[in-house]
Protein chains: 2
Amino acid sequence: MRISQNYIKSIKDTAREFESVNHELLTRAGFIDQVASGIFTILPAGDRVLKKIEAIIRNEMNEIGALEIRMPSLHPKSLWEQTERWNSVDILFKVNSRHSYEYALGASHEEIVTPLAKKYIKSYRDLPLALYQIGTKFRDEPRPKSGILRGREFGMKDLYSFHAHQQDLDAYYQKVSDAYIKIFQTCGFTDIKITEASGGDFSKKHSHEFNVLTPAGEVNLVYCGACSFAQNEEVIQGNLKKCPLCGSSDVKTDKAVEIGNIFDLHTRFSNSFKLTYVDKNGENRPIVMGCYGIGITRLLGAIVEVHHKDDLIQWPLSVTPFHAQLINLSKHDSSYADLIYRTLKAEGFDILYDDREDVSAGEKFMTSELIGSPVRLVVSEKTKKNVEWKLRDDDKINLFSATEIIKKLKDFYSA
Amino acid sequence: MRISQNYIKSIKDTAREFESVNHELLTRAGFIDQVASGIFTILPAGDRVLKKIEAIIRNEMNEIGALEIRMPSLHPKSLWEQTERWNSVDILFKVNSRHSYEYALGASHEEIVTPLAKKYIKSYRDLPLALYQIGTKFRDEPRPKSGILRGREFGMKDLYSFHAHQQDLDAYYQKVSDAYIKIFQTCGFTDIKITEASGGDFSKKHSHEFNVLTPAGEVNLVYCGACSFAQNEEVIQGNLKKCPLCGSSDVKTDKAVEIGNIFDLHTRFSNSFKLTYVDKNGENRPIVMGCYGIGITRLLGAIVEVHHKDDLIQWPLSVTPFHAQLINLSKHDSSYADLIYRTLKAEGFDILYDDREDVSAGEKFMTSELIGSPVRLVVSEKTKKNVEWKLRDDDKINLFSATEIIKKLKDFYSA
C-alpha cells in the first residue's frame, strides 16, 4: 500500500482527550475513527488487523468441526418473546418499522440459531452440530467506554453447539476452551486467566471467561501467582489470603479485560423452542446447547492495551497490519524504493510504502512508529543498492541487499 | 467438507410454496434459510459462494485503488438530519434506545463516509480518495419479495469516491463501470445491460444501473438486439419502434434484475457536511463525490435465477461452493474414498464428500444434483482404484486414476 495513493493518514489529534489507551493510539495511527459514543468506523489499517484476527479464529473454529454461517441482525420480536427475553434483556436495541413489525437488533443469536437447528436436527444421527458466525452485535450499553473495548456496535465471533447429552456437550466445551487458548496465544497474549462465572442472564449453569491482565481492564481479578487459579473479585467472599487451589499465599489482585466467554446453556433455549431429537430408541429427548463468544473488535483493543510502549502500538507478528514499513528518503528518485516495494509485494509480504515526496524524513519516521509494524526498511541515497533493516524492538540498524531482505523477512515471520 | 460430520443437509421442503426460483432452489439445496419476510440466514454452502463473490469484488476494488474500511450500521439521527434524509427516506429503519438516542440503521453510508472524509481531506494533495466496504444494509421494504433479490437486510459492497473536480470524478466513474463489468462477467453473467437512470433520491445527476435479463426480474428492460442500447421501460416515452442509438428495429422488451448501480452524487452530500478542500491557489473548493453499489446477496440470487436448469442450480465455475462433489458408494469401506478426499483437499480443492453410510446411492446422487457443483466424482466397488469423473453439463462418465483426476481438476478450473 502506497501512502501517497490515498492511504488514510495518521492524524495528530493531540488537542483531544481520550478516555483510554486503545482509543487514543488506534485513532492517532489511523486504525479507527469514532462516529458516536460506542460506535466506530474501522479504517484500512484496522481492517487489515481484523482480517488477520478473523483468519486465526476461523482456522481454529474449522479445526473443531464448526461450520460458518451468517445470521441476520434483524430478529423478529416474536422470537425474543418466545425466550422471554424481549422485555428482560435491558441492553436490547429495538427497531421500528413503518409496517408495524418490530425487531430486536441481534445482541446475541440464540433466538435465530435455535429455530434454525430445529429445522435440520431430527434424530441422533444429526448430532452433534456446531455453527458459528463472524459478524456484528448491537448492545444498548448505558455507558460505552474504553474505546473499542465496550461499544454499542461491535464485531463478534459467536459459536453455538448442539448435543444429544450433557456428556457430549462437556467434551465439546473443553475443546472450545482449548481452541480459545490457542486463538488468544496466537493473537499475542501469553497469560490468559480463565475464571468461572455465574453465567449472566443466559444460564444458571456454569460458564467461563477468558481474561487478560491490563490496567485498562474493567474487572478486578484475584489470581494466584503459583497456579492457574483466577476469579473475579466480585465472586470472592471477603479477602483471600491463600489460593484455594494450591494453598500458595502469592495471591494478587489486578485489573483485567474479558476477551472471550463460553456458556453451558443446557436446555435453556431448547426448551423455549421445543428443540428435541429422536434417540436410538425412538424417544423424543431435549437437545443441550453451548454458546461461545469472542469479541473481535474488543480483541483488537485488548491487543493494543497489552502491546504498547511509550505511547506507540507494538503489533504482535501474527496480527500486524503490515509485515514491514518501507520508507523512501531518496529525494527526487523513487525508482529503487519502487523496485523494492514491488519485489516484496510479489513475494507475498504486506508492505506499507511511504513514497510521499512532500514530507520530511522526520515525519515519515514518526508515521512509521505510530503504525507500529515490527520491521522498518529504509532506502536513501546513503543506502545505495542496499536496504536499511531495523526491527522495532531492537536499536540495531543493518544494511542488506534486496535478496537478503527477502530472506530475513521470511525467516522473521516463519520463526 | 464431510456430509456426515454435521454438514447442514439439503431439505425436501416440497410442501411449501416459494415465490421465486432463487428462494426455492437455494432453500432446498441448503444454501439459505428464511427467518422472516426479507430476512435470511446464509448457511455454510451459501457462505462459501458469498466468500467467492466477495473475493472477486475485493480484487477489482483494490485494482482501482479503493481502500477497504468497515462503517457502522448505527447512524446517529443528527447525521441524517444534516442531509435532510431522516424524514424523507421512507425505507429507513429507526432504532430506539432506552438512553434517548435515536439511530438510523444504515440503508446507505453517505452520512458516515462524508464526515469521515472531512476529517482526512484537507488539501488537493489528499485527493482523490476512494473508500469501500463489504457489509450489511437495512431497508424497510414494504413488500420484500423474490427470495434474496430484495430483502430488508442484505449484503452489499458500497464504494464512495472523492474528487477535486467533475472531470476527475467522470474518469473514476468510468473506471468503476469497467470494474463492474469485469466483476459481473467473472461471476458468470455474459450479457450485462447498462441503463441510465434518474438517480433515485440521491441525486438529480446521472447514474447507471447494471442489469441481467431473467424472467425473475422486477424491471422491464427495453433493449436493442444489435447494439448496447438498453433502457428501463418506465423511462421510455411511448412504444419504441427503432433503437435510438443504432436505428435497428430489433428492439425487445424483457424482464431484468438490477445487480449494481453507480451514482454521480456531485456535491449533494459535500454540501450537507461542508466537505471542501484547499486548492493549489489556497482557495476553498467543494469536493465532488460518486457512490457505487453492488448487492452481494442479490448477486447470489441473480446467479441462481440465470444459472439453473430443470429446477437444479448450475453454479458457474468461479463461484461454485465446491470444486467437486465426491460420492462414496463402497459399502462398509470408505478407505479409498477417504484417501481421495484427503488428497484432493491437500491439493487445495474445495470438496464436498458424501461419506454417509445410512443413505442410498439414489439419495446421494440427488443431494449432489441439488447442490449443483460442476464436477461429480464417484468411488465404488466397481471403480476399483480409479475414480469416476462426470461433468454436470455433460452425460459422459469416465474412469481415471487419482493422479489423472487431480490434473483434470486443475485443467478444468484454470481453463
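Only a predicted model underlies this, so the values are computations on that prediction, with no experimental measurement involved. (Residues numbered from 1 in each chain as written. Chains lettered and ligands numbered in written order. Predicted model: local features only at pLDDT ≥ 70, side-chain atom pairs only at ≥ 80, totals over all residues.)

1. Looking at the overall build of chain A
- A count of helices and strands for chain A gives 10 helices and 23 strands.
- The C-alpha extent of chain A, read off along each of the three principal axes, is 80 × 60 × 45 Å.
- The buried share among the 415 residues of chain A stands at 46%.
- Restricting the contact set of chain A to residue pairs at least 6 apart, pairs at least 24 apart contribute 68%. (Helix = DSSP H or I, 4+ residues; strand = E, 2+ residues; numbered from the N terminus. Buried ≥ 20, exposed ≤ 12 C-beta atoms within 10 Å, placed from the backbone. Contact = placed C-beta atoms within 7 Å.)

2. Brief notes about the sheet that holds strand S21 (residues 375-379) of chain B
Residue and element names in this part refer to chain B.
- Strand order in the open sheet made by the 5 strands is S20-S19-S21-S22-S23, with mixed pairing throughout. Of all the strands in the sheet, the pair left with one neighbour each is strand S20 (351-354) and strand S23 (397-400). For this sheet, the mean inter-axis angle between neighbouring strands, taken without regard to orientation, is 25 degrees. (Pairing = 2+ DSSP bridges. Axes fitted to C-alpha atoms, helices over the stretch in contact; angles between N-to-C directions.)

3. Some points on the confidence of the model for chain A
- Taken as a whole, chain A shows an average pLDDT of 93; of its residues, 95% reach a score of 70 or greater.
- The ipTM value of the predicted complex is 0.95, and its pTM value is 0.96. (pLDDT = per-residue confidence, 0-100.)

4. Concerning the environment of Met71(A)
- Position of Met71(A) among the secondary structure elements: in the loop between strand S3 (67-68) and strand S4 (74-76).
- Of the residues examined, Met71(A) has 23 C-beta atoms within 10 Å and is grouped as buried.
- For the pair Met71(A) and Ile259(A), spaced 188 residues apart in the sequence, the C-alpha separation amounts to 22 Å.
- Residue contacts for Met71(A): discarding those within four places in its chain leaves His109(A), Ile112(A), Val113(A), Gln133(A), Gly135(A) and Thr41(B).

5. Quick notes on the domain arrangement of chain A
All names here are of chain A.
- As assigned here, chain A comprises domain 1 (21-309) and domain 2 (324-414).
- When each unit is reduced to the centre of its C-alpha atoms, the spacing between domain 1 and domain 2 is 39 Å.
- Counting from both sides, the interface comprises 4 residues of domain 1 and, opposite them, 4 residues of domain 2.
- Per-class residue counts for the side of domain 1 that touches domain 2 are 2 nonpolar, no polar and 2 charged. (Domains from an automatic or database assignment. Nonpolar A, V, L, I, M, F, W, Y, C, P; charged D, E, K, R; others polar.)

6. Digging into the interface of chain A and chain B
- Counting residues at the interface gives 47 residues for chain A and 47 residues for chain B.
- Of all the secondary structure elements, the ones that give two or more residues to the side of chain A that touches chain B are strand S1 (32-36), strand S2 (39-42), helix H2 (44-63), S3, S4, strand S5 (94-96), helix H4 (110-120) and strand S7 (129-138) of chain A.
- Its residues assigned to classes, the side of chain A that touches chain B shows 25 nonpolar, 9 polar and 13 charged.
- Across 3 bridges, S5(A) lies against strand S5 (residues 94-96) of chain B in antiparallel orientation. The residue bridging Val95(A) from the neighbouring strand is Val95(B), located in S5(B).

7. What about the sheet that holds strand S6 (residues 102-105) of chain A?
- Strand order across the open sheet formed by 6 strands is S4(A)-S6(A)-S5(A)-S5(B)-S6(B)-S4(B), with antiparallel pairing between neighbours. Each edge of the open sheet carries a strand with a single partner, namely S4 of chain A together with strand S4 (74-76) of chain B. Averaged over all adjacent pairs, the angle separating strand axes in this sheet is 45 degrees, with direction ignored.
- Judged from the 3 bridges that link them, S5(A) and S6(A) form a sheet pairing that is antiparallel. Bridge assignment links Val95(A) to a residue of S6(A), and that residue is Tyr103(A).

8. Section: the pairing of strand S20 (residues 351-354) of chain A
Residues and elements named next belong to chain A.
- Burial along S20 is two-sided: the face carrying Ile351 and Tyr353 and the face carrying Leu352 and Asp354 are both buried.
- Sheet topology places strand S19 (residues 324-328) next to S20; 4 bridges connect them, and they run parallel. Bridge pairing in S20 places Ile327 opposite Asp354.
- Tracing the backbone out of S19, into helix H8 (residues 335-346) and back to the parallel element S20 gives a crossover that is right-handed. (Right-handed = clockwise from strand over helix to strand, strands pointing away.)

9. Quick word on the pairing of strand S22 (residues 387-391) of chain A
All names here are of chain A.
- Across 4 bridges, the pairing between strand S21 (residues 375-379) and S22 is antiparallel. Of the residues in S22, the one forming a bridge with Arg376 is Lys390.
- For S22 and strand S23 (residues 397-400), the ladder comprises 4 bridges, and the chain directions are antiparallel. Residue pairing across strands places Lys390 opposite Ile397, the latter belonging to S23.

10. Remarks on the relation of the copies chain A and chain B
- Structural alignment of chain A on chain B gives an RMSD of 0.0 Å, achieved by rotating through 180 degrees and translating 0.0 Å along the axis. On this basis, the relationship between the two copies can be described by a two-fold rotation axis. Taking C-alpha positions as reference, the residue of chain A nearest the rotation axis is Val95(A), located at 2.3 Å.
- Taken together, the interface assignments show that 100% of the residues at the interface of chain A recur at the interface of chain B, consistent with an identical surface on both copies. (Least-squares fit on C-alpha atoms with pLDDT ≥ 70 in both.)

11. A short note on the packing of H2(A) against helix H7 (residues 296-306) of chain A
Residues and elements named next belong to chain A.
- For the pair H2 and H7, interaxial distance at closest approach is 10 Å and the crossing angle is 110 degrees. The angle between the axes of H2 and H7 places the two elements in the roughly perpendicular class. Touching Gly46, Val49, Leu50, Ile53 and Glu54 of H2 are Ile296, Leu299 and Leu300, all from H7.
- Looking at side-chain class alone, the contact of H2 with H7 contains 6 nonpolar, 1 polar and 1 charged residues. (Parallel < 35°, antiparallel > 145°, perpendicular 65-115°, else oblique.)

12. Focus: the environment of Arg125(B)
All names here are of chain B.
- Summarising the element assignment, Arg125 is placed in the loop between helix H4 (110-120) and strand S7 (129-138).
- Judged by the 14 C-beta atoms lying within 10 Å of it, Arg125 falls in the partly exposed class.
- The spacing of Arg125 and Asp279 is 154 residues in sequence and 8.6 Å in space, taken between C-alpha atoms.

13. Some thoughts on helix H1 (residues 21-28) of chain A
Residue and element names in this part refer to chain A.
- Burial analysis of H1 places 7 of its 8 residues in the buried class, which makes it a mostly covered element.
- Among all positions of H1, only Val21, Asn22, His23, Leu25, Leu26, Thr27 and Arg28 are buried.
- In this structure, the buried residues of H1 make contact with S1, H2, H7, strand S17 (308-309), strand S18 (312-313) and helix H9 (361-371).
- Two residues or fewer past H1, Gly30 is found with a positive phi of approximately 75 degrees.

14. Some details on the packing of H1(A) against H7(A)
Residue and element names in this part refer to chain A.
- Here H1 crosses H7 at 95 degrees, and the two axes come no closer than 9 Å. As summarised for this structure, H1 and H7 are arranged roughly perpendicular, according to the angle between their axes. Contacts between H1 and H7 involve Val21, Asn22, Leu25 and Leu26 on the former and, on the latter, Gly301, Val304 and Glu305.

15. Some details on the environment of Asn261(A)
Residues and elements named next belong to chain A.
- Among the structural elements, Asn261 can be located in strand S13 (residues 251-266).
- The class of Asn261 is buried, set by 21 C-beta atoms lying within 10 Å.
- C-alpha separation for the pair Asn261 and Val212, spaced 49 residues apart in sequence, amounts to 12 Å.
- For Asn261, the contacting residues outside a window of four places in its chain are Ser207, His208, Glu209, Phe210 and Gly293.

16. Re unusual backbone geometry
- The peptide bond linking Leu127(A) to Pro128(A) adopts the cis configuration, its omega dihedral lying at -5 degrees.
- Note on placement: Pro128(A) falls in the loop between H4 and S7.
- The phi torsion at Lys274(B) lies on the positive side, around 50 degrees, for a residue other than glycine.
- Within the secondary structure layout, Lys274(B) lies in the loop between helix H6 (268-273) and strand S14 (276-278).
- Using a count of 11 C-beta atoms within 10 Å as the deciding quantity, one classes Lys274(B) as exposed.

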